[in-house]
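Architecture at a glance
Listed here are the chains, written in short residue letters.
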Amino acid sequence: MTSNLDKKKLDDRITEYILADAVPENISKTEVAKQPEFYKIPKRFGSIPVDELPLGCDKEKQYYKIYPRIPLPFQRADRITFGYPEQTPNRLFWGDNLHVMRMLPSNSVDLIYIDPPFFSGRNYNVIFGDQNEIRSFTDIWEGGMPSFLIWMNARLLEMKRLLKQTGSIYLHLDWHASHYVKIEMDKIFGYDNFRNEIIWHYGQRTMHNKKKWNSKHDVILFYAKSDKTIIKNIPTEPWTKEEISEKRARRILFDDDGREYILDNRSVSKGYPAKKQYIDDIIKKGKAIDDVWNMPMILSTSKERLGYPTQKPEYLIERIINASSSPGDVVADFFCGGGTTPCVSQRLGRRWIACDQSRVAVGITQGRIQSLYEEEKSIQSKLIPSPDVSIEYWGNYEIPSLIELSSLDFRYFVIAAYGGRISSSESYIHGYKSDIPLFVGPSSPENRITKEDVISFAREISTKKGKREGVILAWAFAPSAHAAVEKLISEGRAGVDLIKISPIEIESTRFRDHITRLHEDYDSFLTFIIPPLVRFSSQYLGNKTCVFDVSESMAMNNGAKIINVQWDFDFQDRFTPSRGFAYGRDDEGKPLYKVQFTFVRSGKKSIACRIQDDVGGEKIYHDYVIIE
Ligand SMILES: C[S@@+](CC[C@H](N)C(=O)[O-])C[C@H]1O[C@@H](n2cnc3c(N)ncnc32)[C@H](O)[C@@H]1O
């Protein structure tokens with residue numbers, strides 16, 4: 001029976017579910033921008049053959065026809081506590097960003113920065129090696145540029161929906177696709193909302209090349225959601241003294257007290273006296289920044305470097321976040337990779353949403369945010385009160401944490417995943433799907449559905465006018481439960497006539513078919529995963545040095561293999577990867593199964609490793625070693 005307290009909790013859950021589902025059911029209401037006349041028929045150059053709609057967009061159904069919407073629930077997998085739990089947490093999602101975005105409310109984001117795969121080459125774009133990443137990239141790649149653009153457009157249109165009217169979007173690309181995407185962005189956001197093509201010139205190490213100039217820049221397309229968008233904090237760069245005297249063609253002079261100045265005599269011809277401009281004042285004001293940004297790549301010695309190929313430097317993202325958002329604004333990155341945007345946003349006191357379809361990427365981001373927390377803890381006076389970070393999964397779900405849910409939360413999750421709606425009023429009917437009553441079994445797979453459950457559920461259905469069938473959703477069914485189902489159909493039982501009960505196991509294809517039948521690519525969604533089996537050994541080599549080995553560990557999910565091992569050599573409650581051990585691959589790309597580490601001091605050491613497989617199974621293993 002459901003107690004009053006349970007009912008209240010369930011009602012809260014229902015509200016939450018409805019909120020998450022508040023996004024339009026079938027059709028996005030996002031307007032594709034109207035094309036200005038001059039864009040269609042330029043006065044001097046004849047017409048440019050552009051369509052009004054972005055590639056792949058259907059007039060009525062937009063991208064919902066190609067990629068149907070699938071409203072699956074989020075699984076709250078973890079939380080990083082920054083000490084302000086009362087504030088709504090920042091959110092890090094593991095899942096395909098198109099579907100994650102479709103679960104988020106419109107007009108809620110101030111700034112989007114994205115750094116999607118550049119369409120630059122098959123292997124280069126698959127960074128982490130997760131099966132989802134490989135599968136989706138192979139599909140995009142095989143369809144060529146049009147298929148990449150359609151894939152990108154569907155996502156850009158969702159981003160437009162999420163942005164507030166005052167919002168900005170920065171899209172990071174390079175020469176491989178930037179010109180094609182620019183045309184699509186013009187159609188989606190409007191030619192008039194294009195603000196800049198920023199050139200990030202990272203220069204350095206140019207080789208001789210007889211065929212072309214060396215490509216040493218990326219392109220960042222900056223669009224506004226509307227003409228209400230502004231650069232909130234105009235960034236400046238410091239002048240050097242040489243630049244000041246050179247640019248203004250003035251000699252540096254000295255005041256009586258030794259203060260340096262130049263004489264600005266630009267207005268002398270209009271009869272005004274030459275103006276003294278003090279060098280320190282000019283430097284303080286700074287010089288305005290244009291659309292060519294000279295910034296190096298992350299140096300190999302840099303503390304922020306994680307070691308995977310497409311990581312962007314924090315100073316680049318910092319410039320964008322500082323310019324186009326203010327503290328407290330919501331920043332989003334739906335291709336977050338190793339978490340540069342969320343990390344900088346957290347540090348600068350912005351609220352944020354981040355997403356990646358690679359579990360390895362999400363693990364790295366999580367570790368990076370955790371390190372930030374450790375840093376903040378060690379700084380006496382915290383500058384910005386930071387909200388917590390909630391780590392949430394969409395589409396692939398971890399069985400161990402589902403088992404730990406309360407029966408109420410488990411019920412909420414299962415019914416939402418099955419595409420039903422929750423009901424808090426009846427004791428055996430937990431929800432409905434297409435008006436068919438649903439009953440959800442216990443969260444632990446060890447507690448199977450019994451004959452008594454089947455009969456009680458059937459009895460309650462029979463009290464409902466016109467209802468003659470029901471569905472039981474559970475991890476497992478006892479043989480007696482199956483027998484009871486059969487008997488109810490053939491004979492009727494316990495005063496209940498001809499009630500058809502369908503037993504559906506949560507991990508079965510029947511449970512998932514409302515998702516998988518919508519699209520051939522959706523067969524990876526609504527899957528359940530288990531953690532790898534970790535086999536750990538250590539060997540002390542002397543001189544405070546130890547070798548740690550997990551090479552005998554095994555991925556336990558069907559067809560999966562281990563792809564990443566991170567290490568924490570000072571484990572305290574929360575996994576925080578040690579520097580240089582966050583992206584756990586050796587030079588040949590194999591996971592860091594075997595590592596050597598030298599401790600500074602002897603004593604009992606608490607160490608841990610996080611092992612991830614390529615379908616998202618993950619396990620944190622913790623142990624102690626004695627260092628003499
Ligand atoms: C170029 S990397 C981003 C690197 C990031 N800017 C950084 O500094 O670490 C692109 C990321 O997009 C992710 N990705 C690709 N397709 C995705 C999708 N459909 N949904 C979510 N993430 C996706 C990849 O897994 C990869 O981590």
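This section reports on the structure supplied with the text.

The rules behind the values
- Residues numbered from 1 in each chain as written.
- Predicted model: local features only at pLDDT ≥ 70, side-chain atom pairs only at ≥ 80, totals over all residues.
- Heavy atoms only, no water.
- Near = heavy atom within 4 Å.
- Polar contact = N/O pair within 3.5 Å; in protein donor to acceptor, adjacent residues only side chain to side chain.
- Areas by Shrake-Rupley, 256 points an atom, 1.4 Å probe, with all protein chains shown as cover.
- Nonpolar A, V, L, I, M, F, W, Y, C, P; charged D, E, K, R; others polar.
- Phe/Tyr/Trp six-rings, centres within 6.5 Å; stacked < 30°, edge-to-face > 60°.
- Helix = DSSP H or I, 4+ residues; strand = E, 2+ residues; numbered from the N terminus.
- Buried < 20%, exposed > 50% of the residue type's maximum accessible area, 1.4 Å probe, protein only.
- Expected span 1.5 Å × (residues − 1).
- Arc of directions from axis to C-beta.
- Contact = heavy atoms within 4.5 Å.
- Pairing = 2+ DSSP bridges.
- Axes fitted to C-alpha atoms, helices over the stretch in contact; angles between N-to-C directions.
- Salt bridge = Lys/Arg side-chain N within 4 Å of Asp/Glu carboxyl O.

Close contacts around the ligand come from 23 residues, with Asp115, Tyr308, Lys312, Thr340 and Asp356 the closest. A distance of 3.0 Å is found between a nitrogen atom of the ligand and a backbone nitrogen or oxygen belonging to asparagine 97. Aspartate 356 is positioned such that a nitrogen or oxygen atom in its side chain is 2.7 Å from an oxygen atom of the ligand. Notes on the ligand: free accessible area 610 Å², of which the protein chains cover 98%. Residue composition of the shell around the ligand, grouped by class: eight nonpolar, nine polar and six charged.

Inspection of the entire model under this criterion finds 32 aromatic pairs. Aromatic side chains phenylalanine 128 and tyrosine 583 sit 5.9 Å apart centroid to centroid with 85° between the ring planes, which places their arrangement in the edge-to-face category. In this pair, phenylalanine 128 sits in the loop between α4 (122-125) and α5 (131-142) while tyrosine 583 sits in the loop between β25 (562-568) and β26 (594-598), placing the two residues 455 residues apart along the sequence. Phenylalanine 128 sits in the buried class, given a relative accessible area of 2%. Owing to a relative accessible area of 11%, tyrosine 583 belongs among the buried residues under this scheme. Between the aromatic rings of tyrosine 397 and phenylalanine 413, the centroid separation amounts to 4.8 Å while the plane-to-plane angle is 80°, which identifies the pairing as edge-to-face.

End to end, helix α16 (residues 479-490) covers 17 Å across twelve residues, agreeing with the expected 16 Å (1.5 Å per residue, within 8%). For α16, the full list of buried residues reads Ala481, Ala484, Val485 and Leu488. All buried residues of α16 project into a common sector of 100° when viewed along the axis, lining one side. Exposed positions of α16 whose direction lies more than 90 degrees from the buried face are Pro479, Glu486 and Ser490. Its buried side turned inward, α16 meets α15 (451-462) and β21 (500-505).

Read from one edge to the other, the open sheet built from three strands follows the order β25-β27-β28, with strand pairing classed as antiparallel. At either end of the open sheet lies a strand with only one pairing partner, and these are β25 and β28 (618-627). For this sheet, the mean inter-axis angle between neighbouring strands, taken without regard to orientation, is 20°. Across the sheet, helix α12 (residues 359-378) touches β25, β27 (603-613) and β28, and the angle it forms with β27 is around 150°.

Now for the side chain of glutamine 612. Mapped onto the elements of the fold, glutamine 612 is located in strand β27. With residues near it in sequence (within four places) discarded, glutamine 612 still touches Arg359, Val360, Gly363, Lys561, Ile562, Ile563, Asn564, Gly617 and Glu618.

A few words now on the pattern of salt bridges. Within the structure shown, the criterion is met by 26 salt bridges. As a salt-bridge pair, aspartate 281 and arginine 259 come within 3.5 Å of each other at their nearest N and O atoms. One end of the pair, aspartate 281, is in helix α9 (residues 279-285); the other, arginine 259, is in the loop between β8 (253-254) and β9 (260-264), and 22 residues separate them in sequence. Here arginine 259 falls in the partly exposed class, since its relative accessible area comes to 30%. With a closest N to O distance of 4.0 Å, arginine 517 and aspartate 513 form a salt bridge. Taking the relative accessible area as the measure of exposure, aspartate 513 reaches 33% and is therefore partly exposed. One connected set of salt bridges, linked through shared partners, spans Glu314, Glu318, Arg347 and Arg368.

Before going further, it helps to examine α12. The first and last C-alpha atoms of α12 sit 29 Å apart over 20 residues, in line with the 28 Å expected at 1.5 Å per residue. Buried residues dominate α12, accounting for 14 of its 20 residues. Between the side-chain oxygen of the N-cap and the backbone nitrogen of valine 360 there are 3.2 Å, and the N-cap of α12 in question is serine 358.

For the rest of this paragraph, the subject is the environment of proline 442. With respect to the helices, strands and loops of the structure, proline 442 is situated in the loop between β19 (436-440) and α15. Note: C-alpha distance between proline 442 and leucine 405 (37 residues apart in sequence) is 9.8 Å.

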